[in-house]
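# Analysis of the macromolecular model
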Amino acid sequence: DVVGIVQNAACGDVLQLYVNVEDGRIARAQFRTFGCAPAIAASSMLTEMIKGATLQQLHELKKEAVADALGGLSPMKMHCSVLAVDAVKAVLRNYADQTEIPNETT
Ligand code: FES
C-alpha cells in the first residue's frame, strides 16, 4: 500500500520499506536494502518490529529501539538504525499524502 525510500547521504546506503496497512495497523512489511550488514539487519528487525503496530506506534519508534532489538550497534553504525526510522517516517508521510490523514511527523 505504501512505500518509503530513504538514503543516507554520507554512506549512500538505501532502504526501501514496503507496508500494507489494514485497520490502522501494519499488516505486512517488507524491505529491500542496499548497504552495509547493520543496515540490512536493522531493516529486517524493523519489519519484525512494526508488524501489527498501529500508525501511532510508528510515530513513536526510535532508533534506540531498533538498535536495542539488534542487541546494540556500535557508535559508528548507529546511523544504520536511523536509516530504518527514517524509512518509517517516509512511509508515514507517504501514507498521509495518499489518505490525506494529518501527518504527525512534520
Ligand atoms: Fe550507512 Fe550502514 S554504513 S547505513
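Chains are numbered independently. Their residues run from 1 in the order of the written sequence. Two thresholds apply to this predicted model, a pLDDT of at least 70 for residue-level local features and 80 or more for giving and counting side-chain atom pairs, whereas whole-chain, interface and lining totals are computed over all residues. Calculation of side-chain values draws on the structure's entire complement of heavy atoms; hydrogens and water are dropped beforehand.

## A word on the packing of helix α1 (residues 37–50) against helix α4 (residues 78–99)
Here is the rule we go by: Working convention: axes come from line fits to C-alpha atoms, limited for helices to the stretch in contact. Angles between N-to-C directions cover 0 to 180 degrees. Segments assigned H or I by DSSP are reported as helices when at least four residues long, segments assigned E as strands when at least two residues long, and all are numbered from the N terminus. Roughly parallel means an angle under 35 degrees; roughly antiparallel, over 145; roughly perpendicular, 65 to 115; everything else is oblique. Take the far helix as the reference: if the near one is turned anticlockwise from it by less than a right angle, the crossing is left-handed, and if turned clockwise, right-handed. Residues count as neighbours in contact if any of their non-hydrogen atoms are within 4.5 Å of one another. Amino acids outside the nonpolar list (Ala, Val, Leu, Ile, Met, Phe, Trp, Tyr, Cys, Pro) and the charged list (Asp, Glu, Lys, Arg) are all regarded as polar, and Gly is one of them.
Running from N to C, α1 and α4 point in directions that differ by 40 degrees, and their axes come no closer than 8 Å. The angle between the axes of α1 and α4 places the two elements in the oblique class. As α1 packs across α4, the resulting crossing turns out to be right-handed. Residues P38, A39, A42 and L46 of α1 lie in contact with α4, whose contacting residues are C80, S81, L83, A84 and V88. Taken together, the residues of the contact of α1 with α4 break down into eight nonpolar, one polar and no charged.

## Focus: the pairing of strand β3 (residues 25–34)
In plain terms, the rule: Should DSSP find at least two bridges between two strands, the strands are regarded as paired.
Alignment of strand β2 (residues 14–22) against β3, held across nine bridges, turns out to be antiparallel. Note that in β3 the partner of Q16 across the bridge is R32. Counting the residues between successive antiparallel strands, the hairpin from β2 to β3 contains two residues, one of them, D23, with a positive phi of roughly 50 degrees.

## Observations regarding the sheet that holds β2
Overall, antiparallel pairing links the three strands, which are arranged β1-β2-β3 in an open sheet. Of all strands in the sheet, those with a lone pairing partner are β1 (2–7) and β3, marking the two edges. Direction aside, the axes of adjacent strands within the sheet are offset by 15 degrees on average. For β1 and β2, the ladder comprises six bridges, and the chain directions are antiparallel. By the bridge assignment for β2, V3 is matched with Y18. Packing against the sheet, α1 makes contact with β2 and β3, and its axis sits at approximately 175 degrees to β3. Relative to β1, α4 is tilted by about 140 degrees, and along the sheet it contacts β1 and β2.

## Regarding the side chain of T47
In plain terms, the rule: Each residue is placed in one exposure class: buried if its accessible area under a 1.4 Å probe, protein chains only, is under 20% of its type's maximum, exposed if it is over 50%, and partly exposed if it falls in between. Pairs of N or O atoms are called polar contacts if they sit within 3.5 Å, as long as, within protein, a hydrogen donor faces a hydrogen acceptor (for residues adjacent in sequence, only side-chain-to-side-chain pairs).
Relative to the helices and strands, T47 is located in helix α1. On the accessibility criterion, T47 (4% relative accessible area) is buried. From its side chain, T47 meets the backbone oxygen of S44 in a polar contact 2.7 Å long. Apart from residues lying up to four places away in sequence, T47 is in contact with L17, A29, Q30 and F31.

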